[in-house]
Amino acid sequence: MFPIRDHNPAERTPYVTYTLIALNVFIFLVTLLTAQDERALSMLYYDYGMIPARLTNGEGQLGILTAMFIHAGFWHLGGNMLFLWIFGDNMEDQMGHVPFLVFYLVSGVAASMAHYALAPGSPVPLVGASGAIAGVMGGYLLLFPKARVDIFLFLIIYIRIFPIPSWIMLALWFAMQIFYGVGTGTEGGVAYWAHAGGFVAGLLLTLPLWLKRGGRQFWNRTEGHPDHPDARYPMIESRFPKVTRNKI
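Computed from a predicted model, the values in this text were never measured in an experiment.

### Here's the deal with the overall build of the protein chain
And step 1. Scanning the protein chain for helices and strands turns up ten helices and four strands.
And step 2. For the protein chain, the sequential pattern of α-helices and β-strands runs β-α-α-α-α-α-α-α-β-β-α-α-α-β.
And step 3. Looking at the protein chain as a whole, 46% of its 248 residues are labelled buried.
And step 4. Within the protein chain, contacts between residues separated by at least 24 positions form 78% of all contacts whose residues are at least 6 apart in sequence.
And step 5. Looking at the protein chain as shown, the accessible area adds up to about 13800 Å², and 66% of this sits on carbon and sulfur atoms.

And the structure:
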């Protein structure tokens, strides 16, 4: 079960969001062409990833920024870019192009620092845009808690797309980061605490904008929904086939 789109169309073209997606894809493709063996890939992560142990030793500071543009595989890249595409356009629409770019980068840095705080001696590189995108999701939760997000559910031969309020999806996602972060710490292959840190940072960075819009009055005025008509999509559903039985 994962989100595929929201019903919250942006009112202006999200140039920064599109550029970030294109840049991440471009860098990933370049990585595929230039780092074709384990040694080259390890050097790439060492030079451009965020390695806590290097920061502790006073080096590798550039990796705090460059790490959020490096991805470890197609699924890693695809999942991150899907979330950025769903939630980034609306945050850019609300903040403006340049402020959104700064917000994105600061959220990514905050995510890296959250990871570093819990594992300052770790030699394992941190890569990926997940922390920055988690910040986008945290801000989205504050501004559009009841925007509808379409969830894709696939259970063997049962396929369905259905909408839920964004706060449910985002709150569950955040809770999962905390749950798995507590369970695995910083030893697993996923930086759960970086995700959680980026999410909290994005929410806090969006707080001034939310207060400027009226805070609770903004929520009351829009009832947590976007202040424009929802986008409409056809719902797709596949049900288990019905088998008729003869009565004896």
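Now that the structure has been shown, the text picks up again.
### Considerations on a nonpolar patch on the surface
And step 1. The grouping of V25, L29, L32 and F74 at the surface amounts to a nonpolar patch, some 360 Å² of accessible area in total.
And step 2. The element best represented in the nonpolar patch is helix α1 (residues 15–34), accounting for three residues.
And step 3. Among the structural elements, L32 can be located in helix α1.
And step 4. Taking relative accessible area as the criterion, L32 reaches 38% and is therefore assigned partly exposed.

### Here we look at unusual backbone geometry
For residues that are not glycine, phi is negative in most cases, and the peptide bond is trans in most cases.
And step 1. In the Ramachandran plot, E223 falls in the positive-phi region, its phi being about 55 degrees despite a non-glycine side chain.
And step 2. Tracing the sequence through the fold places E223 in the loop between α10 (216–222) and β4 (237–238).
And step 3. On the accessibility criterion, E223 (55% relative accessible area) is exposed.

### Overview of the packing of aromatic side chains
And step 1. Per the stated rule, a full pass over the model turns up twelve aromatic pairs.
And step 2. Geometrically, the ring pair formed by F100 and F103 is tilted, given 6.2 Å between the ring centres and 35 degrees between the ring planes. A residue pair is termed a helical-turn pair when its members lie 3 or 4 positions apart in one helix, as F100 and F103 do in helix α6 (residues 97–118) at three residues. We note that F100, like F103, is buried.
And step 3. Taking the ring centre of Y46 as reference, the NZ or CZ of R54 above it sits at 4.2 Å.

### Re the packing of helix α8 (residues 166–184) against helix α9 (residues 192–212)
And step 1. Here α8 crosses α9 at 140 degrees, and the two axes come no closer than 8 Å. By the criterion of interaxial angle, the relationship of α8 to α9 is oblique. Crossing geometry of α8 relative to α9 is assigned as left-handed. Residues L170, W173, F174, Q177, I178, Y180, G181, V182 and T184 of α8 form the contact with α9, whose participating residues are Y192, W193, H195, A196, F199 and V200.
And step 2. Of the residues in the contact of α8 with α9, the class split is eleven nonpolar, four polar and no charged.

### Let's talk about the environment of L141
And step 1. Within the secondary structure, L141 sits in helix α7 (residues 130–143).
And step 2. Placed 62 residues apart in sequence, L141 and L203 show a C-alpha to C-alpha distance of 7.5 Å.
And step 3. Not counting residues up to four positions away in its chain, the partners in contact with L141 are W167, L170, F199 and L203.

### Remarks on the nonpolar core
And step 1. Within the largest apolar cluster, 39 residues are counted, with the highest numbers of intra-cluster contacts made by F87, Y104, M137 and M169.
And step 2. Elements represented by at least two residues in this core include exactly α1, α5 (74–95), α6, α7, β2 (148–155), α8 and α9.
And step 3. Once residues within four sequence positions are removed from consideration, Y104 is found in contact with L20, N24, M68, L84, A129, A132, I133 and V136.
And step 4. Listed in part, the eight residues of the second largest apolar core include I64, A111, L126 and A194.

### Examining the pairing of strand β1 (residues 2–6)
And step 1. Most of β1 sits out of view: four of its five residues are buried.
And step 2. In this sheet, β2 lies alongside β1 in antiparallel orientation, the contact comprising four bridges. From the neighbouring strand, F2 faces β2, where its bridge partner is F152.

### With respect to the pattern of salt bridges
And step 1. Under the defined criterion, the tally for this structure stands at three salt bridges.
And step 2. In this structure, D93 engages R12 in a salt bridge whose closest nitrogen and oxygen atoms are separated by 3.3 Å. Taken as a pair, D93 in helix α5 and R12 in the loop between β1 and α1 lie far apart in primary sequence, 81 residues in all.
And step 3. Taking relative accessible area as the criterion, D93 reaches 11% and is therefore assigned buried.
And step 4. One salt bridge in this structure joins E59 and R54, with 3.7 Å as the shortest N-O distance.
And step 5. Taking the relative accessible area as the measure of exposure, E59 reaches 34% and is therefore partly exposed.

So, how was this worked out
- Residues numbered from 1 in each chain as written.
- Predicted model: local features only at pLDDT ≥ 70, side-chain atom pairs only at ≥ 80, totals over all residues.
- Heavy atoms only, no water.
- Helix = DSSP H or I, 4+ residues; strand = E, 2+ residues; numbered from the N terminus.
- Buried < 20%, exposed > 50% of the residue type's maximum accessible area, 1.4 Å probe, protein only.
- Contact = heavy atoms within 4.5 Å.
- Areas by Shrake-Rupley, 256 points an atom, 1.4 Å probe, with all protein chains shown as cover.
- Patch = residues over 30% accessible without salt bridge, like charges linked within 9 Å, V, L, I, M, F, W, Y side chains within 5 Å.
- Salt bridge = Lys/Arg side-chain N within 4 Å of Asp/Glu carboxyl O.
- Phe/Tyr/Trp six-rings, centres within 6.5 Å; stacked < 30°, edge-to-face > 60°.
- Lys NZ or Arg CZ within 6 Å of the ring centre and 35° of its normal.
- Axes fitted to C-alpha atoms, helices over the stretch in contact; angles between N-to-C directions.
- Parallel < 35°, antiparallel > 145°, perpendicular 65-115°, else oblique.
- Left-handed = near helix turned anticlockwise from the far one by under 90°.
- Nonpolar A, V, L, I, M, F, W, Y, C, P; charged D, E, K, R; others polar.
- Core = buried A, V, L, I, M, F, W, Y, C linked by side-chain atoms within 4.5 Å.
- Pairing = 2+ DSSP bridges.

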